[in-house]
Amino acid sequence: MSRASSRALKHPPVAAPSEPAGAPITSPAPFPELAVAIERGRRRGRGAQSNDSGRFEAEARVAFDDGWQSLDDLPSFKTTVALDTARKVITRNDSPDIGFDRSINPYRGCEHGCVYCFARPTHAFLGLSPGLDFETKLFAKPDAPQLLEKELAAPGYQPRMIAIGTNTDPYQPIERERKIMRGILEVLERAGHPVGIVTKSALVARDIDILARMAKRSLAKVAISVTTLDAKLARTMEPRASTPSRRLEALRQLSEAGIPTTVMVAPVIPALNDSEIERILDAAAHAGVREASYVLLRLPLEVRDLFREWLMANYPDRYRHVFTLIRDMRGGRDYDSQWGTRMKGTGPMAWMIGRRFEIACDKLGLNKRRSKLTTDHFARPERSGQQLSLF
C-alpha cells in the first residue's frame, strides 16, 4: 500500500521570490511542489511554513500527496533536543559594526520560531533545514559552564564583554529544565566577568538574583526585544516567545532590581510593525527602561523565502507593499549585507524610521546615558590541578 512519498531533486533554479509593486508577475518555479507549505496541523505553534533542505544539500526532498491522502499519516513536528559536544564555547567575531568581539550560544536552533530570525541559515551547516528544523531540532551544550570556566582560566585570556543571545535565544523554553544559561552566569559572576544579554523571553527574570549582584559591580546588562504590542501579531510572528506584556513586565522587574535594561525594537518591518515604534518605546520607558535600540528587518539567505511564505500565508494583502519598502531600504534588493548599513538600511524610508526612533527616544528621555560594563573585577578561575604560585 502506498504511503506518503518523498521526491529527491537536485536544487532547481527558482523564480525571484518577491517582486516590487507594479512589477510583472513571473512564471511559476519549475517544480512548484517545492514551494508547498507543510500542512497546518503538522506545524501548529511554529513560525515557518515549510522545511526545505539547506543550501549545502545535494538534493531537496519534499513530501507530496500521491493520491492516497497519505500525507495525513505524517506526524506533527515535535521539539527534540540533541547534545552538542563542543570543545569550546566562546565564539569570536571581527564584525566592524557590532559592539562585541565574543559571544556564547548555549543552544543551536531556537524554539521561539520567530519567522524573521537571521540565525535560521546556521542550521544549514548541520545538514538541517533553516525552516521547521531550526525551531524543532535543537542542540544543547550542557558542558558550556565548564568549558567557559576552562577558557576564562587560560593564561592568555583577556576579558572583554561576552554577548549572549546574539544568535539564538539563551532563555528559550528548554532553558527552564536545562538551566545551562544560569550555569554560565554563575561562572561569570565568580570570575567577575562582564556580560550583555539579548532575549525575547521573560524567563530572564528567573536569574535576577545573579544579575542584580553582577549589576552592582557593573558586570551585567540585559536587552529585551519587543517587536510589537499586538499579541495576535506576536503569536503569529514569534509563536513560542513570551507575549509582549510579559516582556514589558520582565523589563520592569529587571529595572527595579537595578539591572541596566535596554528595549530593542527589533526587527522593524515596514508596513507591518513600524507604526508601533513610538508606542513600544513609551511602554518600555514606563517600565523603567533607560536605553533603546532598533534593527531593520534582515533577510539573509533562506530567511528571505521563509519570510515571504509566512507573509503570503498570514498577510497576503501586504505582501507586495512590504517587499517594495524593503527593497527601497536595501538598495533595490531584498537584503544588503554591507557593513555599517545592514542594521539600519538606506534611503528615505530608512532615514524616516531612524528619525522617528530618535525623536521618540528624545521625548522619553531614553539613551541620555549609556551603561558601561567593566573588566576591573575579573579574576582568572583556577584551573583544576593548577600548581599554586610561590609568590
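In this text the structure is predicted, and so the values were computed from the model without any measurement.

A word on the side chain of S50. By the element assignment, S50 lies in the loop between β1 (5–9) and β2 (60–64). Overall, S50 belongs to the buried group, its relative accessible area being 2%. Among the polar contacts made by the side chain of S50, one reaches the side chain of E309 at a distance of 2.6 Å. Each residue touching S50, except ones within four places of it in the same chain, is listed here: I38, G131, L132, L306 and E309.

The next subject is the sheet that holds strand β6 (residues 107–108). Taken in spatial order, the 3 strands line up as β3-β7-β6 in an open sheet, and their pairing is mixed. Whereas interior strands pair on both sides, the edge strands pair on one side only; in this sheet they are β3 (80–83) and β6. Sheet analysis places β6 next to strand β7 (residues 137–140), joined by 2 bridges and oriented antiparallel. Paired with R108 across the bridge in β7 is F139.

With 4 of 5 residues buried, strand β9 (residues 195–199) is to be regarded as a mostly interior element. Pairing of strand β8 (residues 162–164) with β9, which is carried by 3 bridges, proceeds in the parallel orientation. Across the sheet, residue I164 finds its bridge partner in β9, namely I197. In the classification by handedness, the crossover that spans β9, the intervening helix α5 (residues 208–216) and the parallel strand β10 (residues 220–225) is right-handed.

Now for the sheet that holds β8. On the basis of which strands lie adjacent, the open sheet formed by 7 strands has the order β4-β5-β8-β9-β10-β11-β12 and mixed pairing. Each edge of the open sheet is held by one strand with a lone partner, namely β4 (90–92) and β12 (291–296). The average angle at which neighbouring strand axes cross in this sheet is 25 degrees, direction not considered. Direction of pairing for β9 relative to β10: parallel, over a ladder of 5 bridges. The residue of β10 that forms the bridge with I197 is V222. Where helix α7 (residues 244–256) meets the sheet, its contacts fall on β10 and β11 (261–268), and the angle it forms with β10 comes to roughly 165 degrees. Strands in contact with helix α11 (residues 348–364) are β11 and β12; relative to β12, the strand with the most contacts, it is inclined by about 170 degrees.

With that settled, the discussion passes to helix α2 (residues 144–152). Of all the positions in α2, only A144, P145, L147, L148, E151 and L152 are classed as buried. Along the axis of α2, the buried positions cluster into a sector of 165 degrees, meaning they face one direction only. Summarising the geometry of α2, the exposed residues directed more than 90 degrees from the buried face are Q146 and K150. Buried-residue contacts for α2 involve β4, β5 (102–104), β8 and α4 (180–191).

Quick look at the environment of V226 now. Within the secondary structure layout, V226 lies in the loop between β10 and α6 (231–237). Along the sequence, V226 and M264 sit 38 residues apart, while their C-alpha atoms lie 6.0 Å from each other. Filtering out sequence-adjacent residues up to four positions away, V226 remains in contact with R247, L248, L251, V263, M264, V265, A266 and I280.

Here helix α9 (residues 303–314) contains 12 residues, and its C-alpha end-to-end distance of 16 Å stays within 8% of the 16 Å for a straight helix at 1.5 Å per residue. Of the positions making up α9, those classed as buried are V303, L306, F307, E309, W310 and L311. Buried residues along α9 sit in contact with α6 and α10 (319–328).

Another aspect to go through is the packing of helix α8 (residues 277–286) against α11. Between two packed helices, both the angle of their axes relative to each other and the distance between the axes serve to describe the pair. Relative orientation of the contacting elements α8 and α11 amounts to 25 degrees, with a least axis distance of 10 Å. Between α8 and α11, the angle falls in the class roughly parallel. Remark: the crossing between α8 and α11 carries right-handed chirality. Each of I277, E278, L281, D282 and A285 in α8 lies in contact with α11, whose residues at this interface are I353, R356, F357, A360, C361 and L364. Broken down by class, the residue content of the contact of α8 with α11 amounts to 8 nonpolar, no polar and 3 charged.

Rules used in this analysis
- Residues numbered from 1 in each chain as written.
- Predicted model: local features only at pLDDT ≥ 70, side-chain atom pairs only at ≥ 80, totals over all residues.
- Heavy atoms only, no water.
- Helix = DSSP H or I, 4+ residues; strand = E, 2+ residues; numbered from the N terminus.
- Buried < 20%, exposed > 50% of the residue type's maximum accessible area, 1.4 Å probe, protein only.
- Polar contact = N/O pair within 3.5 Å; in protein donor to acceptor, adjacent residues only side chain to side chain.
- Contact = heavy atoms within 4.5 Å.
- Pairing = 2+ DSSP bridges.
- Right-handed = clockwise from strand over helix to strand, strands pointing away.
- Axes fitted to C-alpha atoms, helices over the stretch in contact; angles between N-to-C directions.
- Arc of directions from axis to C-beta.
- Expected span 1.5 Å × (residues − 1).
- Parallel < 35°, antiparallel > 145°, perpendicular 65-115°, else oblique.
- Left-handed = near helix turned anticlockwise from the far one by under 90°.
- Nonpolar A, V, L, I, M, F, W, Y, C, P; charged D, E, K, R; others polar.

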